[in-house]
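One letter stands for each residue in the lines below.
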Amino acid sequence: MKMLDLKIAHRVTLAFAGVVATILLTMAAVQVGLGRSADNSAAMGAGVERQALASEMHLAAKDNAIASFIVLVSPDEAQQKRLMAEIEQREVKIAAALASLEKSLAGSKEDEEILAEVKKRHATSKAGVQRILGLVKAGKQSEAAFAADEEMIPMIAPFLQALAKLDARQVALVREKEKENGTLIATTRGISFGAGAVAAILAALAGLWLV
């Protein structure tokens, strides 16, 4: 049976079926695109949170390093105690941030390796700082100063470097997802526009065919 010989009812059915099918395909494509975009947005949000934790740890580690050196040179016992208490508080925050990142980064081999390096350097740095502060508490200021030069400084630097690497990694991941999301949105727009144009053309052709 030739297409032009179809009865009007069949022509109407085929015409509207074509238009409806195009609309449904457009809706499906848009929904898939929006779903992926939502996933990317969620990943970007999680990445921003991880980067904030990494930055917070980096800042806390620097503050602890500065506070430790002030403890070494300060003759004020009250100031020493206050700074030591602040160091302990920041260490608690660093430990909490590490625990949170460990859960958040589970499943990513590269991130897990970077975090493992951070944890290793943190443990070494923390032990060195505690040793120095212990010497200060014991009144062994000269020994503490010597240990700071020989032990604490070499321990803190690798820890800060590992934190900087973790921070940079999270920033890179967020930017990567942002770029991917931009491409996805542009693609979804193109699909929507193209499908809309196809639907309009089909509707026009169907109208001519019906006439």
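Here the structure is shown first, and the text comes after it.
S.K.: Just checking my understanding: could you explain the pattern of salt bridges for this structure?
M.R.: Pairs can form between side chains of opposite charge whenever their charged atoms are close. Scanning all chains against the criterion turns up seven salt bridges. Across the pair D111 and R169 runs a salt bridge whose closest N-O atoms are separated by 2.6 Å. Of this pair, D111 sits in helix 3 (residues 109-137) while R169 is found in helix 4 (residues 141-210), placing the two residues 58 residues apart along the sequence. Residue D111 is classed as buried on the basis of its relative accessible area, which comes to 4%. The salt bridge partner of R121 is E117, with a shortest N-O separation of 2.7 Å.

S.K.: Teacher, can you tell me more about the packing of helix 2 (residues 77-104) against helix 3 here?
M.R.: Two numbers describe a pair of packed helices, the interaxial angle and the distance between the axes. The contact between helix 2 and helix 3 brings their axes to 12 Å, and the two run at 165°. Relative to helix 3, the element helix 2 lies roughly antiparallel. Along this stretch, helix 2 crosses helix 3, giving a crossing that reads as left-handed. Facing Q80, M84, I87, E88, E91, I94, L98, L101 and E102 of helix 2, the residues of helix 3 in contact are L115, V118, K119, H122, K126, V129, Q130, L133, V136 and K137. Partitioning the contact of helix 2 with helix 3 into residue classes produces 10 nonpolar, three polar and six charged.

S.K.: Explanation requested: a nonpolar patch on the surface in the structure shown.
M.R.: Together, I8, V12, F16, V20, I23, L24 and M27 give the surface a local cluster of nonpolar side chains, amounting to about 650 Å² of exposed area. Examined against the element boundaries, V12 turns out to sit in helix 1 (residues 8-73). Judged by relative accessible area, which is 30%, V12 ranks as partly exposed.

Definitions and limits used
Residues numbered from 1 in each chain as written. Predicted model: local features only at pLDDT ≥ 70, side-chain atom pairs only at ≥ 80, totals over all residues. Heavy atoms only, no water. Salt bridge = Lys/Arg side-chain N within 4 Å of Asp/Glu carboxyl O. Helix = DSSP H or I, 4+ residues; strand = E, 2+ residues; numbered from the N terminus. Buried < 20%, exposed > 50% of the residue type's maximum accessible area, 1.4 Å probe, protein only. Axes fitted to C-alpha atoms, helices over the stretch in contact; angles between N-to-C directions. Parallel < 35°, antiparallel > 145°, perpendicular 65-115°, else oblique. Left-handed = near helix turned anticlockwise from the far one by under 90°. Contact = heavy atoms within 4.5 Å. Nonpolar A, V, L, I, M, F, W, Y, C, P; charged D, E, K, R; others polar. Patch = residues over 30% accessible without salt bridge, like charges linked within 9 Å, V, L, I, M, F, W, Y side chains within 5 Å. Areas by Shrake-Rupley, 256 points an atom, 1.4 Å probe, with all protein chains shown as cover.

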